[in-house]
Amino acid sequence: MNRPNLFDYATSELSQDAFICWLLKWASPEYKIIDGKLNTCALNFIYAIFKKHTKTPPLHIEKIEIFKQDKKIDVLCIINDIYAILIEDKIGTINHSNQLSRYFESVKVRDFKEENILPIYFKTEDQGDYTDVLGNGYKLFLRSDILDILNTYSGSNTIIIDYRSHLQSISDQVESYKSVKIENWKRYQWIGFYLRIQEELDDSNWDYIPNPQGGFLGFYWHFQGDNNCKQYLQLEQNKLCFKIFVNNPKERSVLRNKWFNIIYNKADERRIKLKKPSRFGNGRYMTVCIYDEYRECNNYNQIDVDKTIKKLKIFESILEAVKDKA
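Counting of residues starts from 1 at the beginning of each chain's written sequence and follows it residue by residue. Reporting of local features is limited, given that this is a predicted model, to residues whose pLDDT is at least 70; pairs of side-chain atoms are given and counted only at 80 or more, and all residues count toward the totals for whole chains, interfaces and linings. Water and hydrogen atoms play no part in the side-chain values, which are based on all heavy atoms of the structure.

Peer 1: Give a detailed account of the overall build of the chain, specifying residues and quantitative values.
Peer 2: Numbering goes from the N terminus for both helices and strands, where a helix is a DSSP run of H or I of at least four residues and a strand is a run of E of at least two. Of the regular secondary structure elements, the chain holds 9 helices and 10 strands. Projected onto its principal axes, the C-alpha positions of the chain cover 75 × 50 × 35 Å. Throughout, exposure labels follow a simple rule: accessible area from a 1.4 Å probe, protein chains only, divided by the maximum for the residue type, with under 20% read as buried, over 50% as exposed, and the rest as partly exposed. Across the 326 residues of the chain, 48% fall into the buried class. Counting only contacts in the chain whose residues sit at least 6 apart along the sequence, the fraction spanning at least 24 positions is 55%. For the chain, the accessible area works out to roughly 16,900 Å², and carbon and sulfur atoms hold 49% of it. Residue contacts are defined here by distance: any two heavy atoms, one from each residue, within 4.5 Å place the two residues in contact. Here, Shrake-Rupley sampling with a 1.4 Å probe gives the accessible areas, and only protein chains in the shown set may cover a residue.

Following this line, the structure appears as structure tokens:
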């Protein structure tokens, strides 16, 4: 029988902040005699952060100070009064509002040398794009990195074991898109699938897209066109949409009808039957054609990723074939 896991209930970022602070504090030398294995695990965490920044850690860690929510920084760890590890902690949310650069600047003015500030983006759920994170000088510490550290721990501390089990459960669910029947996919299976096809489809991204019906996880890629009208592809979970982006409200109706006819006819030439949306929108982002259930499966109704990617590239080719119609 599975016992209760603390992190099935401590699901907020503040709870995760507390875990990070707790683990970092165990790297203090005075705790080695209390629990040497936990001390080693905490030190491995710190060493991994230095490695992410291709920096050599101090030979001896003599002093560790931990600050939580100091000037809105999730976790700030000061080592030997010299190094500042700045951790922005995220679970399901993503960075926003220029917060990463603001936090870095707030640490820099505290008389730390810039080369001794080690910003880390600690993310336990998956994200479609990290360009802004990396552009702000933060290094990624993702779920796989965290599990690598926690798997070095061979002790019996329940907090470590629960947290490790919690993260491993997320990874297992994300990977289960390979074995779960497609009609039973939920959020984590969609994320696993999107991460996989993102490896194959250029200029792609995915994120939660809200709408009045409750929203969905969308995957979008293959952008073309100009500032007047962009065309692209979007997966809205189990359906594929040909989309356009039109900024000028006065042109939306005309361009929407134009691109429906162009794309529909090109697909028809290739014996691919698209359908018209049940109702055309009139916003900046509009669906002009739909293809239901694009996923290819094996005999057990499990995803065949290779065949599905080949099919998605066929839709890319349709869009590519009409790009001169703008």
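Okay, back to it.
Peer 1: Which residues make up the environment of proline 58, and what are the values?
Peer 2: Take proline 58: it is sitting in the loop between helix H2 (36-52) and strand E1 (64-70). The sequence separation of proline 58 and asparagine 98 amounts to 40 residues, and the corresponding C-alpha distance is 31 Å. The residues contacting proline 58, other than those within four sequence positions of it, are Phe50, Ile79, Asn80 and Tyr83.

Peer 1: Which residues make up the environment of tyrosine 194, and what values go with them?
Peer 2: Note that tyrosine 194 resides in helix H7 (residues 187-198). The sequence separation of tyrosine 194 and tyrosine 291 amounts to 97 residues, and the corresponding C-alpha distance is 18 Å.

Peer 1: Would you mind going over the sheet that holds strand E9 (residues 239-245) in detail, with residue names and values included?
Peer 2: For two strands to be treated as a pair, DSSP must find at least two bridges joining them. One open sheet accounts for 5 strands, arranged E6-E7-E8-E9-E10; its pairing is antiparallel. Single-partner strands in this sheet number two, and they are strand E6 (205-209) and strand E10 (285-292). Within this sheet the neighbouring strands show an average axis-to-axis angle of 30°, counted without direction. Both strand E8 (residues 230-236) and E9 contribute to a ladder of 7 bridges, which runs antiparallel. Paired with glutamine 234 across the two strands is cysteine 241, which belongs to E9. Taken strand by strand, H7 contacts E6, strand E7 (216-225) and E8, and its axis lies near 25° from that of E7. For every element, the axis is a line fit to its C-alpha atoms; helices are fit only across the contacting stretch, and the angle between N-to-C directions ranges from 0 to 180 degrees. The strands that helix H8 (residues 252-269) touches are E8, E9 and E10; relative to E10, the one it contacts most, it runs at about 25°.

Peer 1: Talk me through the pattern of salt bridges; I want residue IDs and the actual numbers.
Peer 2: Only one rule defines a salt bridge in this text: a Lys or Arg side-chain nitrogen within 4 Å of an Asp or Glu carboxyl oxygen. A full pass over the atoms with the stated rule returns 21 salt bridges. The residue lysine 275 makes a salt bridge to aspartate 292 at a minimum N-O spacing of 2.6 Å. One end of the pair, lysine 275, is in the loop between H8 and E10; the other, aspartate 292, is in strand E10, with 17 residues separating them in the sequence. The class for lysine 275 is partly exposed, based on a relative accessible area of 38%.

Peer 1: Describe the nonpolar core, and please don't skip the residues or the numbers.
Peer 2: Ranked by internal contacts, the top residues of the largest apolar core, which has 82 residues, are Phe45, Phe193, Leu235, Leu240, Phe242, Ile263 and Phe315. Broken down by element, the residue count for this core peaks at 9 residues, all from H2. Apart from residues lying up to four places away in sequence, phenylalanine 315 is in contact with Leu233, Leu240, Phe242, Ile272, Leu274, Tyr291 and Tyr294. Remark: nonpolar core denotes a set of buried residues (Ala, Val, Leu, Ile, Met, Phe, Trp, Tyr, Cys) joined through side-chain atoms within 4.5 Å. Leu76, Tyr103, Ile117 and Val133 belong to the second-largest nonpolar core, a separate cluster that totals 16 residues.

Peer 1: Break down the side chain of glutamate 88 for me, with residues and values.
Peer 2: Following the sequence through the fold, glutamate 88 ends up in strand E3 (residues 83-90). A relative accessible area of 2% places glutamate 88 in the buried class. N or O atoms within 3.5 Å of each other form a polar contact, as long as, within protein, one can give a hydrogen and the other can take it, and as long as residues adjacent in sequence are counted only when both atoms are side-chain atoms. A distance of 3.2 Å separates a polar atom in the side chain of glutamate 88 from a polar atom in the side chain of lysine 90. Setting aside its immediate chain neighbours within four residues, glutamate 88 contacts Asp74, Gln99, Leu100, Tyr103, Ile120, Tyr121, Phe122 and Tyr138.

Peer 1: A description of H2 should follow, citing residues and the corresponding values.
Peer 2: Multiplying one less than the number of residues by 1.5 Å gives the expected span of a helix. Here H2 contains 17 residues, and its C-alpha end-to-end distance of 24 Å stays within 8% of the 24 Å for a straight helix at 1.5 Å per residue. Measuring from the backbone nitrogen of lysine 37 back to the side-chain oxygen at the start of H2 gives 3.3 Å, which picks out aspartate 35 as the cap. Following H2 by one or two positions, threonine 54 adopts a phi angle in the positive range, close to 50°.

Peer 1: Lay out the pairing of E7 with the relevant residues and their values.
Peer 2: With respect to burial, E7 is a largely interior element, 8 of its 10 residues being buried. With 5 bridges joining them, E6 and E7 adopt antiparallel strand pairing. Among the inter-strand pairings, tyrosine 208 is bridged to a residue of E7, identified as leucine 217. Hairpin connection, E6 to E7: the antiparallel pair is bridged by 6 residues, and glycine 214 has positive phi, about 120°. Across 6 bridges, E7 lies against E8 in antiparallel orientation. Across the sheet, tyrosine 220 pairs through a bridge with glutamine 234, a residue of E8. With antiparallel pairing between neighbouring strands as the criterion, E7 and E8 make up a hairpin whose turn holds 4 residues.

Peer 1: Break down the pairing of E1 for me, with residues and values.
Peer 2: In the sheet, E1 pairs with strand E2 (residues 73-79) via 6 bridges, with the strands oriented antiparallel. Its bridge partner lying in E2, isoleucine 66 is registered against cysteine 77. Following E1, the chain reverses through 2 residues before pairing antiparallel with E2; lysine 71 in that reversal takes a positive phi of roughly 55°.

Peer 1: Any details on the packing of helix H1 (residues 13-25) against helix H6 (residues 158-175)? Residues and values, ideally.
Peer 2: Where H1 meets H6, the axes come as close as 12 Å, and the angle between the chain directions of the two elements is 130°. Between H1 and H6, the angle is such that the two are oblique. At the point where H1 passes H6, the crossing takes the left-handed sense. For the pair formed by H1 and H6, the contact residues are Gln16, Phe19, Trp22 and Leu23 on the first element and Ile159, Ile160 and Tyr163 on the second. Classifying every residue of the contact of H1 with H6 by side-chain character gives 6 nonpolar, 1 polar and no charged. Any angle from 65 to 115 degrees is called roughly perpendicular, while one under 35 is roughly parallel, one over 145 is roughly antiparallel, and all others are oblique. By definition, turning the near helix anticlockwise from the far helix through less than a right angle yields a left-handed crossing, and turning it clockwise yields a right-handed one. The residue classification treats Ala, Val, Leu, Ile, Met, Phe, Trp, Tyr, Cys and Pro as nonpolar and Asp, Glu, Lys and Arg as charged. All others, Gly included, are polar.

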